[in-house]
Amino acid sequence: MDSTYPRAVLAAVTEGLLSGAWVAVGELPVRERRLVRAGSVLSLFAVASVSARGESGEPDEPEPTAEQYAAWDVDKRKLAFAAAGIALSVGLMVGRRQLEQRWLAALARDGHPHPHRALALRIGLLTFAGTLPGRLVKVHEGRRPR
């Protein structure tokens, strides 16, 4: 988790760079593109696992029994917010993909020498700008006294 503002900014920058790199390799042949993308996923996994080692985990809680499951009350309002959040996420993913395709087509139509690289820059900046506010809010909320 981002516990400080610099870490939140660094995480947003990293996410923007990874998104941009993912798009930039689109101009490579299929085999090389898949290798680069698999390498980026593996390196991200390695960095995440190393950074997670430093965090102290809480002891595992015992698995709930069938009676405890039956006694749980479902908050319909939280369930509706969760469903709306999932729908919004899917909508943003679809919209981003359509925006990528539209920008790439426009860059290619205008004769840009490297349309995937230009698109990668746009997507990287868009990802950074879209990710940073949420991360900063989480840091701010984590620092507020309860």
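Residues numbered from 1 in each chain as written. Predicted model: local features only at pLDDT ≥ 70, side-chain atom pairs only at ≥ 80, totals over all residues. Heavy atoms only, no water.

Novice: Looking at this model, I keep getting lost on the side chain of Glu100. Mind explaining?
Specialist: Residue position: Glu100 is located in helix H4 (residues 76-109). Sequence-distant contacts of Glu100, defined by excluding residues within four places in its chain, comprise Val23, Leu119 and Ile123. (Helix = DSSP H or I, 4+ residues; strand = E, 2+ residues; numbered from the N terminus. Contact = heavy atoms within 4.5 Å.)

Novice: How do you make sense of the nonpolar core when you look at a structure like this?
Specialist: Here is a general trend for soluble globular proteins: nonpolar side chains tend to be buried in one another's company. Counting residues in each nonpolar core, the largest one holds six residues, listed as Val23, Leu107, Ala118, Leu119, Ala120 and Ile123. Of all the elements, helix H5 (residues 115-143) adds the most residues to this core, at four residues. In contact with Leu119, not counting residues within four places along its chain, are Val23, Glu100, Trp103, Leu104 and Leu107. (Core = buried A, V, L, I, M, F, W, Y, C linked by side-chain atoms within 4.5 Å. Buried < 20%, exposed > 50% of the residue type's maximum accessible area, 1.4 Å probe, protein only.)

Novice: Is there a simple way to explain a nonpolar patch on the surface in this structure?
Specialist: Residues Ile86, Val90, Met93 and Val94 make up a contiguous nonpolar surface patch of roughly 390 Å² in combined accessible area. Within the secondary structure, Met93 sits in helix H4. Met93 gets classed as exposed once you look at its relative accessible area, which sits at 56%. (Patch = residues over 30% accessible without salt bridge, like charges linked within 9 Å, V, L, I, M, F, W, Y side chains within 5 Å. Areas by Shrake-Rupley, 256 points an atom, 1.4 Å probe, with all protein chains shown as cover. Salt bridge = Lys/Arg side-chain N within 4 Å of Asp/Glu carboxyl O.)

Novice: For this particular structure, what's the right way to read the side chain of Thr127?
Specialist: Examined against the element boundaries, Thr127 turns out to sit in helix H5. Each residue touching Thr127, except ones within four places of it in the same chain, is listed here: Glu15, Gly16, Ser19 and Arg96.

Novice: Before we go on, may I ask you to explain the pattern of salt bridges in this structure?
Specialist: Here the idea is simple: oppositely charged side chains can pair when their charged atoms come close. Scanning the model with the defined rule gives four salt bridges in all. The residue Arg96 makes a salt bridge to Glu100 at a minimum N-O spacing of 2.9 Å. On the criterion of helical spacing, the pair formed by Arg96 and Glu100 is a turn pair, its members being four residues apart in helix H4. Looking at Glu100, the relative accessible area reads 10%, which means it is buried.

Novice: What am I meant to see in the packing of helix H1 (residues 5-24) against H5 here?
Specialist: When two helices pack together, their arrangement is given by the angle between the helix axes and by the axis-to-axis distance. Relative orientation of the contacting elements H1 and H5 amounts to 155 degrees, with a least axis distance of 7 Å. Accordingly, the angle class assigned to the pair H1 and H5 is roughly antiparallel. Considering only the axes of H1 and H5, their crossing is right-handed. The class makeup of the residues in the contact of H1 with H5 is 15 nonpolar, eight polar and three charged. (Axes fitted to C-alpha atoms, helices over the stretch in contact; angles between N-to-C directions. Parallel < 35°, antiparallel > 145°, perpendicular 65-115°, else oblique. Left-handed = near helix turned anticlockwise from the far one by under 90°. Nonpolar A, V, L, I, M, F, W, Y, C, P; charged D, E, K, R; others polar.)

Novice: Just checking my understanding: could you explain the environment of His140 for this structure?
Specialist: Its place among the elements puts His140 in helix H5. Its relative accessible area of 44% is what places His140 among the partly exposed residues.

Novice: What am I meant to see in the packing of aromatic side chains here?
Specialist: Applying the stated criterion to the full structure yields zero aromatic pairs. Above the face of the Trp103 ring, Arg122 is positioned so that its terminal group lies 5.2 Å from the ring centre. (Phe/Tyr/Trp six-rings, centres within 6.5 Å; stacked < 30°, edge-to-face > 60°. Lys NZ or Arg CZ within 6 Å of the ring centre and 35° of its normal.)

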